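What the coordinates show
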Amino acid sequence: MKIANLFILTLIFTAHITFAQTKKTGKATHQQMNTFISNLMSKMTLDEKIGQLNLLTGGEATTGSVVSTDVESKIKKGQVGGIFSLTTPARIRKAQEIAVNQTRLKIPIIFGQDVIHGYKTTFPIPLALSSTWNMEMIKKTARIAAIEATADGLNWTFSPMVDISRDPRWGRISEGSGEDTYLGSEIARAMVKGYQGDDLAKYNTMMACVKHFALYGASEAGRDYNTTDMSLDRMYNEYLPPYKAALDAGAGSIMTSFNDINGVPATANKWLMTDLLRKEWGFKGLVVTDYTAVNELIDHGLGDLKAVSALSINAGVDMDMVGEGFLTTLKKSVQEGKVKAQRIDEACRLVLEAKYKLGLFDDPFRYCNEERAKTEILKPEHLAFAREVAAESFVLLKNENQTLPLKKTGTIALIGPLANTGANMPGTWSVNSDLANTASLLTGMKAVLGKQVKVVHCLGSNLVTDEAYQQRATMFGRDIPRDNRPEAEVIKEAVELAKTADVVIAALGESSEMSGEASSRTNLEIPEVQQRLLQALLKTGKPVVLVLFTGRPLVLNWEQQNVPAILNVWFGGTETAKAITDVLFGDVNPSGKLTATFPQNVGQIPLYYAHKNTGRPLADGKWFSKFRSNYLDVSNEPLYPFGYGLSYTSFAYSNLRLSKNSFKPGESITASIDIKNIGSREGKEVVQLYIRDLVGSSTRPVKELKAFQKISLKPGESKTVSFKLTENDLKFYNTALRFVAEPGDFNLFIGGNSRDVLETKFSLRN
Ligand code: BGC
């Protein structure tokens, strides 16, 4: 997001040369691809092969302090395999023309970008998206992102981010799907399918890049880029499955993570990149580093640039993002026998294969269509869908005495630092969003409500008291105005305004850059100055609704005890403001469910529902017993459990039953439950099934999500929801890392969150 050295290419347009050897239309066979690439590689020098392994920025650095320079002359020298963060058909066409007209072998460039949660039409941040529990919806967000991004010239996205995280201190928890392995794997699959469709060579599909491999979400103390040290049991059962699910769904590429894993950083980790990824999982696609991750191996303490570049490629990495260690040192390492020429060949082949599959050899300009850029970006139907998705991602955390939904009459006081900032609505990692034209909650709400409701507004408080902290928390143009009058004066103004209204909406929480990359926090409460504002607003006696903006689980004990209604809206993308209005005023009934546990305090972290039991678990209903696994000062419970979220209606669960009490491998068992809408509004409910493996050869979690269904029920309506389980659903990696189901007894739970469930039992027999 830092703009520097704009990459401006000034080459004269010349007709492109296509590769006559390839088919013009349709999918080429694997054999055709191999023959084509072998022919091409037989003509390539070692330098040209190494050039293909070089991925540069288009001059607009998105992260990190290093910015690629002399990109144009490097392309001409055949030293660039890919470029990222360069957009629009015109600019991409210019760069591609150099590659296909002015280099010896005319090899096209691949163009990437962090298209994370939508492109120009921005959807909710991934943590919010996961809260929809709606796989079709999530897939469609990726599909639309690909349609818009490819219309703007791109063909490779650095998404999905599938890092499981159980540490809300880590700012990047906002970029993933939360804490759960099963749900995270489902979402990973949906996103890959959405981006890639069924044919990568199609003009509107793009290659996915699964990231960050691996275990990045388990960085110690939630501090970004920090060390990870993890048992194989935990890796295989809890953290690795979403990466594998994305690859099994066909993701064409994977990105290394920055972190150290059990003593070897991922980017130099041969066990990870070769033994696990290639040999065990059989991945045949492209491995790219994260931003300057090869160079960072120097600071990890693994040697100089030449040594770490050799380490990285020998570990199984193919493409070097931004750092140019491969470009500048690998030839020498090959000459010295430290890297085999064959390894360079393998890596080069994988880069060329990606380009081939994207259809770039057939037509290097297939993604450069100005007409599409004009018509397919920010289409009305994309925006309408973004509004629907945003509303479905919100989680209603509390709603005492049916404070919500609000009536469309009277006066609303919309107060708080997040109330009038359009630039913060898209959320972190939305580099393509048009910040200036994104409605703030204030402008969006006014536009939706028109004259029916009078909306009055003031800032009420700064985001945080410390100005330097606010600057760090509002980078990349995500400004929030500051009021430098004494705090008491600013709050008093808000209180006076609140008194004139029928209802107060307090728009509080985090700014969008308080989560995301390098935005770790150790205090997870709403900033104190905002809490003081909230307390003052509550004292007016007016009904107060807290509209909570956040990119992570926050600590909300006081708010839960004192505020009548809390709607967690995360960061909802381009259409956030309209979607919030839809939900607050009852046009949409909220149905989001948390995918990451909200703790009672930071000291409980990591806190997640699928924990192990320990040998001294607490008895049910207790919150402290001496010599049991607990704390003196707080119970073990979360504030809001995984899977939790309210609706404007209520659902009653009853009659949990099984088709049989036991089953054998090869058979299945069906669990059914009746769900009734016992309120007065139509609503959606996420019905969640968990199991517990009661006896295992290794310890098993107290609950594990194994299935879910999202249903819609009219007032008074009942539905029976059934889930079929097979032996496969009971499998886990044992201590020998074999994926097995062990015969024995299981508990089965179904409910609307991970805590409030009905329970039964079954057995798997030999
Ligand atoms: C991030 C990646 C991102 C890359 C390229 C890095 O700092 O960790 O997630 O894809 O930059 O922008």
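Residues numbered from 1 in each chain as written. Predicted model: local features only at pLDDT ≥ 70, side-chain atom pairs only at ≥ 80, totals over all residues. Heavy atoms only, no water.

This part takes up the packing of aromatic side chains. Counting across every chain of the model gives 25 aromatic pairs. Geometrically, the ring pair formed by Phe84 and Phe158 is edge-to-face, given 5.4 Å between the ring centres and 70° between the ring planes. Of this pair, Phe84 sits in strand E2 (residues 82-84) while Phe158 sits in the loop between strand E4 (156-157) and helix H7 (181-196); the two residues are 74 residues apart in sequence, bridging distant segments of the chain. For Phe158, a relative accessible area of 0% corresponds to the buried category. A network of ring pairs unites the aromatic residues Trp133, Tyr182, Tyr609, Phe642, Tyr690 and Phe708 as a single cluster. When the ring centre of Tyr608 is taken as origin, the NZ or CZ atom of Arg166, which lies over that ring, is 4.3 Å away. Its end group placed over the ring of Phe627, Lys626 keeps NZ or CZ at 5.8 Å from the ring centre. (Phe/Tyr/Trp six-rings, centres within 6.5 Å; stacked < 30°, edge-to-face > 60°. Helix = DSSP H or I, 4+ residues; strand = E, 2+ residues; numbered from the N terminus. Buried < 20%, exposed > 50% of the residue type's maximum accessible area, 1.4 Å probe, protein only. Lys NZ or Arg CZ within 6 Å of the ring centre and 35° of its normal.)

Take Glu575: it is sitting in the loop between strand E16 (565-568) and helix H22 (576-584). At a separation of 3.2 Å, a polar atom in the side chain of Glu575 contacts the side chain of Lys578. Residue contacts for Glu575: discarding those within four places in its chain leaves Leu383, Ala386 and Arg387. (Polar contact = N/O pair within 3.5 Å; in protein donor to acceptor, adjacent residues only side chain to side chain. Contact = heavy atoms within 4.5 Å.)

Right, let's talk about the sheet that holds strand E19 (residues 668-677) for a bit. Across the sheet, three strands lie side by side as E17-E19-E22; this open sheet has antiparallel pairing. Only two strands of the sheet have a single partner each, and these edge strands are strand E17 (651-658) and strand E22 (718-726). Averaged over all pairs of adjacent strands, the angle between strand axes in this sheet comes to 20°, irrespective of strand direction. Pairing between E19 and E22: nine bridges, direction antiparallel. Of the residues in E22, the one forming a bridge with Ile673 is Val721. (Pairing = 2+ DSSP bridges. Axes fitted to C-alpha atoms, helices over the stretch in contact; angles between N-to-C directions.)

In this section: the UniProt feature "domain: Fibronectin type III-like" (unreviewed entry) in the protein. What UniProt calls "domain: Fibronectin type III-like" (unreviewed entry) maps, in this numbering, to residues 685-754. With 0% helix and 57% strand, the stretch residues 685-754 has end C-alpha atoms that lie 14 Å from each other. (UniProt positions renumbered as here; feature names shortened; annotations may be inferred.)

Before going further, it helps to examine the environment of Ile138. Note that Ile138 resides in helix H6 (residues 135-151). Taking relative accessible area as the criterion, Ile138 reaches 1% and is therefore assigned buried. For the pair Ile138 and Val389, spaced 251 residues apart in sequence, the C-alpha to C-alpha distance is 8.4 Å. Those residues in contact with Ile138, other than ones at most four positions away along the chain, are Leu129, Ser130, Thr132, Ile187, Ala190 and Met191.

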